Amino acid sequence: MTYDEFREEVRKLKEEGKYPSLKSYTLPALWIAEKNFPCIDHEVMRIISSELGVPLVEVEEAARFYAMFHTERKGKYVIRVCTNLSCMLNGSYSLLEELERLLGVKVGETTKDGLFTLEEYECMGLCDGAPAITVNEERFLKVKKEELPTILKKFGWKGD
Amino acid sequence: MEKLLLRNVEKENSHTIEVYLKGGGYRAFQKALKEMSPEDVVEEVKLSGLRGRGGAGFPTGLKWEFAAADIKEPKFFVCNADEGEPCTFKDRVIIEKDPHALIEGMLIGAYATGCRYGYIYLRGEYPIGRKILERAISEAYQKGFLGENILGSDFSFDLYVHSGAGAYICGEETALIESMEGKRGEPRIKPPFPVNAGYLWKPTVVNNVETLANIPLIIERGGKWYSQIGSPDCPGPKLFPVSGKVKRPGVYELPMGTKLEEIIFEHAGGIVKDRKLKAVFPGGASSSVLTSEEISVPMDFPSLAKAGTMLGSGAIMVLDETDCIVNAALRLIKFFRHESCGKCTPCREGTDWLVRILERIEGGRGVEEDLEVVLSVCETMENSFCGLGMAAHNPVGSTVRKFKEEYLAHIKGGKCPFRSS
Ligand SMILES: Cc1cc2nc3c(=O)[nH]c(=O)nc-3n(C[C@H](O)[C@H](O)[C@H](O)COP(=O)(O)O)c2cc1C
Ligand code: SF4
Ligand code: FES
């Protein structure tokens, strides 16, 4: 998405008339950016600030506060590995280690080809399927270490 | 027991309005709209004895009465679908499998309190739920249950989904409202309560998903009928998400007051590999731990409070004899450190200190005095600004008190006794 297209999207958002106050469009606008840019950068924040009349610092604070917004470049696919209690008890840390090994990155990093970002994540409400991981919006439940390569390949992983 | 909250979830396409209508859906709303005044609805909900399922257990009818009495306009009705308490996944089942029950509950609540606009604050981690809810809302508009002059009445109500973006604190109702206003989720001082000064400082009702899913049942069958289910001082059906080391993790609907032991052993199938049960957090990560001797407790707000813990979200987290209690407490306090909004010192610093001390103990580098320090930090955290900090120390303080031997074993042995290497 270009910055101009993004500005257009934010304008369309305002026209929906969903909120009686412009500042409430901040999170919806940040969501559009999160989904369409590799990261929420300063230009994106400036556009939101000027379109919604919200001080730039408040937009930036919001962008940095929420765990699902990336203000640093992320990969095409974000892998979230839940390590909260039920997933931990069911082996999530070994999944995390295996993914680090397969992808050759540490938690929080993005692969060189820009395909995957690996994140350790808090409970995603999928605990009946522990250990759970998600890749962008897709969820994988009761994941076994051996299944990880197959899951990665689904998203274009070239390793073996 | 007859399934009430989960009556629809097994049906094919239970999330569609056709299936919901066929099962008698939206009848309760029509009854409220055509045969009852808003005051009647509030009275019926008061009579039911329903207490909020979001964690605090506040009487729903009373909350609605306060909101109805405020004359500022417009008023907002917000469904709290942030479901961030670790190991809680009960609201997800309603959202994905029975979204119309939630919408119907909101409609009835909005009618009773005079709210014109509604928002479902949905956690960002539920993208599938978002699609399902948006579809359900548009179906409800098409059938004339949402919009202006609903079913030819004077009542108008518009409903939208608002997506959160990954912040547990936004489940706290005032932080949720800050977040709806586009800001970081930091709690506001109470009072004023949201019912008088919430979103944009206008009267705002905030109710949990499960709370709202009870409403159509209460209106259809009556508050008196409802008040006779489960514990007399805390009635109704309750959704219990059970996870951890049980054979059949899942969401179980049982009457309030069902014994914890029965839920774990009869419904969730007992402990994996028939191991021994070691410990249970009975109400999410914010609750104090119970030992295997304490699990005959009835699962409702007053009984668990009496047992020194809490019902919270009702999330039952089960550990078996091979799990390390120090490591479990450490993982939970790490969660709270990550989620602390940083506004007040006891919580921001307290969670950090607890993580650092527990990391040391877990790594075999602790000293006995650490346990005293831990308990005093826990006590200080009681003075936190909001419920997050006030409860975050519970898993740590309670495990130090009830599993002191295991902490000492780490300290004296210089390593975690559960780790092979
Ligand atoms: C730290 C914290 C997190 C909370 N998270 C949630 C949540 O995820 N969902 C929820 O319904 N209530 C949550 N609550 C409780 C809400 O503040 C509020 O009491 C509730 O939404 C009211 O609805 P109810 O009366 O229907 O329970 C949380 C409270 C605190 C202090
Ligand atoms: S208790 Fe924690 S989450 Fe609540 S206001 Fe203080 S720092 Fe923020
Ligand atoms: S603990 Fe992992 S999804 Fe809940």
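Residues numbered from 1 in each chain as written. Chains lettered and ligands numbered in written order. Predicted model: local features only at pLDDT ≥ 70, side-chain atom pairs only at ≥ 80, totals over all residues. Heavy atoms only, no water.

## Details of the overall build of chain A
Across its full length, chain A holds seven helices and four strands. Each of the three principal axes of chain A carries a C-alpha extent, and together these read 50 × 30 × 25 Å. The burial tally for chain A puts 55% of its 160 residues in the buried class. Expressed as a percentage of contacts within chain A between residues at least 6 apart in sequence, the contacts between residues at least 24 apart total 59%. When the accessible surface of chain A is summed, it comes to about 7400 Å², and 49% of that surface belongs to carbon and sulfur atoms. In chain A, 23 side chains carry a positive charge and 28 a negative one; their mean positions are 3 Å apart. (Helix = DSSP H or I, 4+ residues; strand = E, 2+ residues; numbered from the N terminus. Buried < 20%, exposed > 50% of the residue type's maximum accessible area, 1.4 Å probe, protein only. Contact = heavy atoms within 4.5 Å. Areas by Shrake-Rupley, 256 points an atom, 1.4 Å probe, with all protein chains shown as cover. Lys, Arg positive; Asp, Glu negative; His and termini not counted. Charge placed at Lys NZ, Arg CZ, Asp CG, Glu CD.)

## Describing the site of ligand 1
All names here are of chain B. Taken together, 18 residues form the shell around ligand 1, and within it Gly-54, Lys-63, Asn-207, Asn-208 and Thr-211 come nearest. The side chain of Lys-63 places a nitrogen or oxygen atom 2.9 Å from an oxygen atom of ligand 1. Going through the elements one at a time, strand E4 (204-208) and helix H16 (387-392) are the ones with two or more residues in the shell around ligand 1. In terms of residue count, the dominant contributor to the shell around ligand 1 is E4 (three residues). For the shell around ligand 1, the residue count by class is three nonpolar, nine polar and six charged. (Near = heavy atom within 4 Å. Polar contact = N/O pair within 3.5 Å; in protein donor to acceptor, adjacent residues only side chain to side chain. Nonpolar A, V, L, I, M, F, W, Y, C, P; charged D, E, K, R; others polar.)

## Here we look at the domain arrangement of chain A
Structurally, chain A comprises domain 1 (3-65) and domain 2 (77-153). The centre of domain 1 of chain A, based on its C-alpha atoms, is set 29 Å off from the matching centre of domain 2 of chain A. (Domains from an automatic or database assignment.)

## Section: the nonpolar core
Ranked by size, the top nonpolar core spans 156 residues in total, and within it A:Tyr66, A:Leu85, B:Trp64, B:Leu102 and B:Leu107 carry the most contacts. Ignoring anything within four residues of it in the chain, the contact list for B:Trp64 reads B:Val41, B:Val42, B:Val45, B:Phe77, B:Gly109, B:Ala112, B:Thr113, B:Val205, B:Asn207, B:Leu212 and B:Ile215. (Core = buried A, V, L, I, M, F, W, Y, C linked by side-chain atoms within 4.5 Å.)

## Concerning the packing of aromatic side chains
Tallied over the entire structure, the rule returns 26 aromatic pairs over all chains. Here B:Tyr26 and B:Phe145 contribute two aromatic rings whose centre-to-centre distance is 4.1 Å and whose plane-to-plane angle is 10°, an arrangement assigned as stacked. In this pair, B:Tyr26 is assigned in the loop between helix H1 (17-22) and helix H2 (27-35) and B:Phe145 in the loop between helix H7 (127-142) and strand E3 (158-163), connecting sequence segments 119 residues apart. Its relative accessible area of 5% is what places B:Phe145 among the buried residues. Between B:Phe335 and B:Phe336, the aromatic rings sit 5.1 Å apart at their centres with planes inclined by 70°, giving edge-to-face as the arrangement. An aromatic cluster is built from A:Tyr19, A:Tyr25, B:Phe76, B:Tyr117, B:Tyr119, B:Tyr160 and B:Tyr199, whose rings are joined through pairwise contacts. (Phe/Tyr/Trp six-rings, centres within 6.5 Å; stacked < 30°, edge-to-face > 60°.)

## Quick word on the side chain of A:Thr117
Residues and elements named next belong to chain A. Note that Thr-117 resides in strand E2 (residues 116-121). Side-chain polar atoms of Thr-117 contact the side chain of Thr-110, separated by 2.8 Å. Not counting residues up to four positions away in its chain, the partners in contact with Thr-117 are Lys-74, Gly-75, Tyr-77, Val-78, Ile-79, Gly-108, Glu-109 and Thr-110.

## Considerations on the domain arrangement of chain B
Residue and element names in this part refer to chain B. By the assigned domains, chain B splits into domain 1 (17-227), domain 2 (237-319) and domain 3 (325-413). Placing the centre of domain 1 and that of domain 3 at their C-alpha centroids yields a distance of 35 Å. Each partner contributes to the interface: domain 1 provides eleven residues, whereas domain 3 provides eight residues. Summed over the three residues of domain 1 that lose the most area to domain 3, namely Tyr-168, Ile-169 and Pro-187, the buried surface amounts to 53% of that side. Summed over the shared surface of domain 1 and domain 3, the number is zero salt bridges. Counting the contacts that link domain 1 with domain 3 gives three residue pairs in polar contact (both at pLDDT 80 or more). Its residues assigned to classes, the side of domain 1 that touches domain 3 shows six nonpolar, two polar and three charged. (Buried area = accessible area lost by both parts, 1.4 Å probe. Salt bridge = Lys/Arg side-chain N within 4 Å of Asp/Glu carboxyl O.)

## Focus on helix H9 (residues 209-221) of chain B
Counting buried positions along H9(B) yields eleven of 13 residues, so the element is predominantly enclosed. Of the residues that open H9(B), the one with a side-chain oxygen 2.8 Å from the backbone nitrogen of B:Glu210 is B:Asn208.

## Section: the pattern of salt bridges
All names here are of chain A. By the definition in use, this model includes 48 salt bridges over all chains. Measuring nitrogen to oxygen at the nearest pair gives 2.3 Å for the salt bridge that ties Lys-154 to Glu-138. Of this pair, Lys-154 sits in helix H7 (residues 148-154) while Glu-138 sits in strand E4 (residues 138-140), and the two are 16 residues apart along the sequence. Owing to a relative accessible area of 52%, Lys-154 belongs among the exposed residues under this scheme. Overlapping salt bridges bring together Arg-7, Glu-8, Arg-11, Lys-14 and Glu-51 as one network.

## Description of the sheet that holds E4(B)
Residues and elements named next belong to chain B. Spatial ordering of the open sheet is given by E3-E2-E1-E4, a layout of four strands whose pairing is parallel. The strands lining the two open edges of the sheet, one partner per strand, are E3 and E4. Within this sheet the neighbouring strands show an average axis-to-axis angle of 20°, counted without direction. The strands that helix H4 (residues 60-69) touches are strand E1 (76-81) and E4; relative to E4, the one it contacts most, it runs at about 165°. (Pairing = 2+ DSSP bridges. Axes fitted to C-alpha atoms, helices over the stretch in contact; angles between N-to-C directions.)

## Some remarks on unusual backbone geometry
Residues and elements named next belong to chain B. In the segment running from Glu-73 into Pro-74, the intervening peptide bond is cis, with an omega of -10°. Mapped onto the secondary structure, Pro-74 falls in the loop between H4 and E1. Notably, Tyr-26 is not glycine yet its phi reads approximately 65°, a positive angle. We classify Tyr-26 as buried; its relative accessible area is 0%.

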